[in-house]
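Listed below, chain by chain, are the residues.
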Amino acid sequence: MRRKCKQTGIKFIAAVEWILGLIYPVRCPFCDEPVPMGEGVVCSACLSKVRIVGEPYCLKCGKQLSAEAEEYCTDCTCHSHFFERGRSLFVYENTVRESVYRFKYGGRREYARAYAYLAERQLGDFIRSVNPDVLIPVPLHSKRLYKRGYNQAELLAKEIGRRMGIPILTDVVKRVQNTQPQKELDVAQRQNNLKKAFKINRNDVKLYTTIIIDDIYTTGSTMDALSALLKEAGAERVFFLCLAGGGSRR
């Protein structure tokens, strides 16, 4: 009975999305043009031009690897992390980099829908295997949130949670320092930049298995800072999922 209800719910969501697509044409997150009718939430031609992370990938952080014999990237071989494992959907390059930039800074909130669809399609097995109690988006500082008008990680988390039936908590962790953007810093500066940047905002929630949601994974400094904090607050296992992964420590 439960399985039948779940299937009915999935069909209902698909029908609603089809109707909304007729009224409000969906913009492809890669070319930023309306998606041709019948192609869903992303242009098939555009999707063929981006790199989705596939095997081999780092068994710790999920970055794309170049050699089949490798199991871990250089970062994860040389440095330990506080999280259990993580995965990224895309390799952070070219078209994907431009897409994420528009999503993050260009007001393209609607991209979250396409990203979540692709995340479920490509990483759904990983998410289900983790069996998370909750998704937690990386928080923005209040000043940055006011300036931007939205938190892109929260939009993504809500869409993934909606599609996969996973609760989202946006008020458990708070960003208390308006830190310098991580992309402008080297690895040592990134780690120092995030010291005491976050704090637990609620102590009345049991966090057993958590997936942190963010847009970009590079060195893991943000994920480590949040994972350590969540584990101090009682989380047993912390995983992460990002839109794109790339880069290394330097």
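Keep in mind the model is a prediction, meaning the values are calculated, not measured.

> Please explain the sheet that holds strand S5 (residues 209–217) as it appears in this structure.
Pairing between the strands of a sheet is mediated by backbone hydrogen bonds and can be parallel or antiparallel. On the basis of which strands lie adjacent, the open sheet formed by 4 strands has the order S1-S6-S5-S2 and parallel pairing. Each edge of the sheet is formed by a strand with only one pairing partner; in this case those strands are strand S1 (85–91) and strand S2 (134–137). In this sheet, adjacent strand axes meet at a mean angle of 20° when their direction is disregarded. One ladder, built from 8 bridges, connects S5 with strand S6 (residues 237–245); its direction is parallel. Bridging across to S6, isoleucine 216 finds its partner in alanine 244. This element, helix H5 (residues 111–130), spans S1, S5 and S6 of the sheet and lies at about 160° to S1. Contacts from helix H9 (residues 221–232) reach S2, S5 and S6, with the element oriented near 165° to S5.

> Looking at this structure, how should I read the packing of H5 against helix H7 (residues 152–164)?
A packed helix pair is summarised by two numbers, namely the angle formed by the two axes and the spacing between the axes. Across the interface, H5 lies against H7 with an axial gap of 9 Å and an inter-helix angle of 60°. As the angle between them shows, H5 and H7 are arranged oblique. In this structure, H5 crosses over H7, and the sense of that crossing is right-handed. Residue-level inspection shows Ala112, Arg113, Tyr115, Ala116, Tyr117, Ala119, Glu120, Gly124, Ile127 and Arg128 of H5 in contact with H7, the latter providing Leu155, Leu156, Glu159, Ile160, Arg163 and Met164. For the contact of H5 with H7, a count of residues per class yields 10 nonpolar, 1 polar and 5 charged.

Conventions we followed
- Residues numbered from 1 in each chain as written.
- Predicted model: local features only at pLDDT ≥ 70, side-chain atom pairs only at ≥ 80, totals over all residues.
- Heavy atoms only, no water.
- Pairing = 2+ DSSP bridges.
- Helix = DSSP H or I, 4+ residues; strand = E, 2+ residues; numbered from the N terminus.
- Axes fitted to C-alpha atoms, helices over the stretch in contact; angles between N-to-C directions.
- Contact = heavy atoms within 4.5 Å.
- Parallel < 35°, antiparallel > 145°, perpendicular 65-115°, else oblique.
- Left-handed = near helix turned anticlockwise from the far one by under 90°.
- Nonpolar A, V, L, I, M, F, W, Y, C, P; charged D, E, K, R; others polar.

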